[in-house]
Amino acid sequence: MEMPAPDAAVLSRKDRIVARLRGVLPSDAVIDDPAETRAYECDALTAYRCPPLAAVLPSSTAEVAAVLRICHEEGVPVVPRGSGTSLAGGALPTADSVILGVARLTDVIETDYANRFIRVQAGRTNLSVTGAVESDGFFYAPDPSSQLACAIAGNIAMNSGGAHCLKYGVTTNNLLGVTMVLMDGTVVEIGGAHLDAPGLDLLGVICGSEGQLGVVTEATLRILPKPEGARPVLMGFDSNEVAGACVSDIIKAGILPVAIEFMDRPCIRACEDFAKAGYPDCEALLIVEVEGSPAEIDEQLGLIKQIAARHDPVEMREARDEDEAKRIWLGRKSAFGAMGQINDYMCLDGTIPVSSLPHVLRRIGEMSKDYGLDVANVFHAGDGNMHPLILFDANKPGDLEKCEAFGADILKLCVEVGGCLTGEHGVGIEKRDLMTTQFAPEDIEAQLRVKDVFDPAWLLNPAKVFPLAATEARRARAA
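## Some points on the overall build of the protein
Counting its secondary structure elements, the protein contains 17 helices and 18 strands. Computed over the C-alpha atoms, the radius of gyration of the protein is 23 Å, within 12% of the 23 Å expected from 2.2 N^0.38 for a compact globule of 479 residues. With respect to the three principal axes, the spread of C-alpha positions in the protein is 80 × 55 × 45 Å. Expressed as a percentage of the 479 residues in the protein, the buried residues total 55%. Across the protein, every contact between residues at least 6 apart in sequence was considered, and the portion connecting residues at least 24 apart equals 71%.

## Considering the sheet that holds strand 10 (residues 215-222)
One open sheet holds the 5 strands; their spatial order is 5-6-10-8-9, and the pairing between them is antiparallel. Of all the strands in the sheet, just strand 5 (108-112) and strand 9 (187-191) have a single pairing partner and so form its edges. Strand after strand, the sheet turns through a mean of 10 degrees between neighbouring axes, direction not considered. Both strand 8 (residues 175-181) and strand 9 contribute to a ladder of 5 bridges, which runs antiparallel. By the bridge assignment, M180 is partnered in strand 9 with V188.

## A short note on the side chain of E272
Note on placement: E272 falls in helix 9 (residues 265-275). Despite its burial, E272 remains without a salt bridge, the nearest opposite charge being carried by K276 at 6.6 Å. Within the local environment of E272, its side chain forms a polar contact with the backbone nitrogen of A277, the two atoms lying 3.2 Å apart.

## A look at the sheet that holds strand 1 (residues 30-31)
Spatially, the 4 strands line up as an open sheet ordered 1-2-4-3, and their pairing is mixed. With one partner strand each, in any of the chains shown, strand 1 and strand 3 (78-81) form the two edges of the open sheet. Note that strand 3 and strand 4 (residues 98-101) share 4 bridges and pair parallel. Note that in strand 4 the partner of P80 across the bridge is L100. The sheet strands contacting helix 3 (residues 61-74) are strand 2 (54-56), strand 3 and strand 4, and the helix crosses strand 4 at an angle near 165 degrees.

## Digging into unusual backbone geometry
Positive phi values are uncommon outside glycine, yet E210 reaches one of about 60 degrees. When you line up the elements, E210 lands in the loop between helix 7 (202-206) and strand 10. A positive phi angle is found at A463, which is not glycine, with a value near 65 degrees. Structurally, the position occupied by A463 is in the loop between helix 16 (441-454) and helix 17 (468-478).

## Overview of the packing of helix 16 against helix 17
Close contact between helix 16 and helix 17 brings their axes to 12 Å; oriented N to C, the two are set at 40 degrees. Classified by the angle their axes make, helix 16 and helix 17 are oblique. As helix 16 runs across helix 17, the sense of the crossing is right-handed. Here E445, L448, R449 and D452 of helix 16 lie close against helix 17, whose contacting residues are A470, R474 and R477.

## Thoughts on empty space enclosed by the protein
Going through the model one piece at a time under the given rule, you end up with 1 cavity of 30 Å³ or more. Lining of the largest cavity is provided by Q212, K451, W458, L460, N461, P462, A463, K464, F466, T471 and R475. Here the residues of the lining of the largest cavity sort into 5 nonpolar, 3 polar and 3 charged.

## A closer look at the pattern of salt bridges
A full pass over the atoms with the stated rule returns 30 salt bridges. With a shortest N-O distance of 3.1 Å, K333 and D143 are connected by a salt bridge. Placement of K333 in helix 11 (residues 322-333) and of D143 in the loop between strand 7 (138-139) and helix 5 (152-158) is noted, with a sequence separation of 190 residues between them. A relative accessible area of 7% places D143 in the buried class. For D433, the salt bridge goes to R432, with nearest N and O atoms at 3.9 Å. Given the relative accessible area of 16%, R432 is considered buried. Through salt bridges with shared partners, a single ionic network connects E445, R449, D452, R474 and R477.

## Remarks on the nonpolar core
Within the largest apolar cluster, 50 residues are counted, with the highest numbers of intra-cluster contacts made by L100 and L221. At 6 residues, the largest contribution of residues to this core is made by helix 3. Residues in contact with L100, not counting those within four places in the same chain, are V56, P58, V64, V67, L68, V78, V79, P80, R81 and V215. Residues A243, L348, V375 and L400 belong to the second largest nonpolar core, which totals 45 residues.

## Here's the deal with the packing of aromatic side chains
Evaluation of the coordinates by the stated rule reveals 5 aromatic pairs. Where F262 meets F379, the ring centres are 4.6 Å apart and the plane angle is 15 degrees; that geometry is what we call stacked. Here F262, found in strand 13 (residues 259-264), pairs with F379, found in strand 17 (residues 375-380); they are 117 residues apart in sequence, far enough to count as distant. Neither residue differs from the other here; F262 and F379 are each classed as buried. A centroid spacing of 4.9 Å and a plane angle of 10 degrees characterise the contact between Y371 and F406, whose relative ring orientation is stacked. In this pair, Y371 is assigned in helix 13 (residues 357-371) and F406 in helix 14 (residues 399-416), connecting sequence segments 35 residues apart.

What counts as what
Residues numbered from 1 in each chain as written. Predicted model: local features only at pLDDT ≥ 70, side-chain atom pairs only at ≥ 80, totals over all residues. Heavy atoms only, no water. Helix = DSSP H or I, 4+ residues; strand = E, 2+ residues; numbered from the N terminus. Rg over C-alpha atoms; globule rule 2.2 N^0.38 Å. Buried < 20%, exposed > 50% of the residue type's maximum accessible area, 1.4 Å probe, protein only. Contact = heavy atoms within 4.5 Å. Pairing = 2+ DSSP bridges. Axes fitted to C-alpha atoms, helices over the stretch in contact; angles between N-to-C directions. Lys, Arg positive; Asp, Glu negative; His and termini not counted. Salt bridge = Lys/Arg side-chain N within 4 Å of Asp/Glu carboxyl O. Polar contact = N/O pair within 3.5 Å; in protein donor to acceptor, adjacent residues only side chain to side chain. Parallel < 35°, antiparallel > 145°, perpendicular 65-115°, else oblique. Left-handed = near helix turned anticlockwise from the far one by under 90°. 1 Å grid on protein atoms, 1.4 Å probe; cavity = no way out; pocket = protein on both sides within 12 Å on 5 of 7 lines; lining within 4 Å. Points joined across faces, edges and corners; volume = space filled by probe spheres on them. Nonpolar A, V, L, I, M, F, W, Y, C, P; charged D, E, K, R; others polar. Core = buried A, V, L, I, M, F, W, Y, C linked by side-chain atoms within 4.5 Å. Phe/Tyr/Trp six-rings, centres within 6.5 Å; stacked < 30°, edge-to-face > 60°.

Given below as structure tokens:
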């Protein structure tokens, strides 16, 4: 005999919400057991944790829309989550929120080589986009270090870049269109399979919006023909400042390598132990890669080596074959993981003018001594996107707080020299209270008004990006 459904009034709020979510999703797509929701309590900024009310894993745009409609009606905050690789706390839940993960949205919907685009569901990993087209001679250019794991949805949310963004640009330069679901369940199409859309640049607003405006479920991405060839060269120097000056001179000369990557001694040691890439014994290392025909590569590398020679490198060596080139890049791409094997660290993401590299590297060294915390530097030197790794002991009382204060001073320094708080990791919770360092009150108010338009109830990705006081005031006003 079928039992009557319990009256909604007697169910707890959580039970009611979970029951409604189970009504629109498969049973295995709704996670509410506290032991299982712990898997979603943090992202790659692991210093901060909070289990969500529940987590859901929809498989289509329609299911995402159904989830958001329910949460909108119930007044439940929603935290969009790609692969959880955010280093700024961009997917950190609140205790009253539902995590909306896009990990099951992995299909390739359309590939058009004639018009050079691919349309994918937004949970597909970055590297697997190239994997879908490389046999036909194409690739997807943005290549963050976490590209093996990170999702296109997260790349769009944070406007991710990578080692090769110097030549090919970051996500916004390779994004043609999105399908996005607003908080009330409305599905919108922005941009499309064409070079530029008429009217307001809404795609530019969405890319880098950190899940504040909607949940991206599909993306149309630019794909490019693979270059004829590529070759990296290793350049070792006696100091960070000299390596920074070399980068500045390469850029000033009007040469455009496909990548210029920087590592200092702590990172060099850790990455060499991991990848056996044959990195030189030096204080600072540049990996400079150029691409094109063999003649073009030889000409570009010749000019770059002439510039580097003026800075007295301790070693300068070109990759001899493809295997060596792969090991060189494996070491660089593994830098964060390799450092994590030997120390707790907090990874920053400030961006500065390339001409300021020597000054900023020198000041970071001075601040490191003042705070008594070591710093390992690894970053995209060509476009000034810095990733200082502040090393600390998570088990030592006060070390995390000291690390955060040190990080704030580095980011303030980036703004002081004409840069900005973030290049590709986003603001998240890490930098939200530093927003007033870069933006005037009027600037922040303009950004808050954009959020008002897309998410009037302020339910999407709460407590991120904006100073917490401004966020809470907006939510109170919307309630």
